[in-house]
Amino acid sequence: IDDVVDAFSVHGACGLWGVIAVGFLGDPEAGGNGIFYQGNQLGTQVFAVFIIILWTSFFCSLVLVPLKLGGLLRLSDDFQDKGADVMEHSPSKAYKDNRHGTEAQS
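Here's a quick rundown of the structure. Just so it is clear, the structure is predicted and the values come from calculations on it, not from any experiment.

Here's the deal with the pattern of salt bridges
Working step 1: As enumerated under the stated definition, the model contains 1 salt bridge in all.
Working step 2: Among the ionic pairs, K82 bridges to D78, the shortest N-O distance being 3.8 Å. With K82 and D78 both in helix 3 (residues 77-82) and 4 residues apart, this pair spans about one turn of that helix.
Working step 3: Looking at K82, the relative accessible area reads 46%, which means it is partly exposed.

See the structure below:
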């Protein structure tokens, strides 16, 4: 999977760690029941991670599988060769050199 904006590492991995960390660090004064406070919340948090992964996988599949089958997830070869900046955006305004086949702005 090409994750150019690191969405999984930021939202996925860190989010899952946040859910699991509550099982370790959940302070009873704040409504938690973490292992470090002689609680038993870790099992519940791990189960929640499992449910979150199932939920996300199911609904992403509902959207992404039909798009893939319809050939709508991949850019054309020409589009990829030129780059999304050139094809979709205004690189002549964004770049001050001629790296992208555009005229430099002064």
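The rest of the description comes next.
Considerations on a nonpolar patch on the surface
Working step 1: Residues W55, F58, F59, L62, V63, L64 and L73 make up a contiguous nonpolar surface patch of about 720 Å² in total accessible area.
Working step 2: Judged by its relative accessible area of 48%, L62 is partly exposed.

Topic: the side chain of Q41
Working step 1: Considering the arrangement of structural elements, one finds Q41 in the loop between helix 1 (7-25) and helix 2 (42-69).
Working step 2: Sequence-distant contacts of Q41, that is, excluding residues within four places in its chain, are made with V22, G23, G32, N33 and G34.

Overview of the packing of aromatic side chains
Working step 1: According to the stated counting rule, one finds 4 aromatic pairs in the structure shown.
Working step 2: Centre to centre, the rings of F24 and F36 are 5.9 Å apart; their planes meet at 40°, and the pair counts as tilted. Residue F24 is located in helix 1, and its partner F36 is located in the loop between helix 1 and helix 2; the two are separated by 12 residues in the primary sequence.
Working step 3: Classification of F24 by relative accessible area gives partly exposed; the value is 25%.
Working step 4: Both rings, one in W55 and one in F59, keep their centres 4.7 Å apart while their planes meet at 55°; by these two values the pair is tilted. On the criterion of helical spacing, the pair formed by W55 and F59 is a turn pair, its members being 4 residues apart in helix 2.

Concerning helix 1
Working step 1: Spanning 19 residues, helix 1 covers 25 Å between terminal C-alpha atoms, matching the ideal 27 Å at 1.5 Å per step.
Working step 2: By the burial criterion, the buried members of helix 1 are G12, A21 and G23.
Working step 3: Among the structural elements, helix 2 are those in contact with the buried residues of helix 1.

Overview of unusual backbone geometry
Trans peptide bonds make up the majority, and among non-glycine residues the majority have a negative phi.
Working step 1: Even without being glycine, D6 reaches a positive phi, approximately 55°.
Working step 2: Mapped onto the elements, D6 comes out in the segment before helix 1.
Working step 3: Residue D6 is classed as partly exposed on the basis of its relative accessible area, which comes to 43%.
Working step 4: Despite not being glycine, Q38 has its phi angle at roughly 60°, a positive value.
Working step 5: With respect to the element layout, Q38 can be found in the loop between helix 1 and helix 2.

The rules behind these values
- Residues numbered from 1 in each chain as written.
- Predicted model: local features only at pLDDT ≥ 70, side-chain atom pairs only at ≥ 80, totals over all residues.
- Heavy atoms only, no water.
- Salt bridge = Lys/Arg side-chain N within 4 Å of Asp/Glu carboxyl O.
- Helix = DSSP H or I, 4+ residues; strand = E, 2+ residues; numbered from the N terminus.
- Buried < 20%, exposed > 50% of the residue type's maximum accessible area, 1.4 Å probe, protein only.
- Patch = residues over 30% accessible without salt bridge, like charges linked within 9 Å, V, L, I, M, F, W, Y side chains within 5 Å.
- Areas by Shrake-Rupley, 256 points an atom, 1.4 Å probe, with all protein chains shown as cover.
- Contact = heavy atoms within 4.5 Å.
- Phe/Tyr/Trp six-rings, centres within 6.5 Å; stacked < 30°, edge-to-face > 60°.
- Expected span 1.5 Å × (residues − 1).

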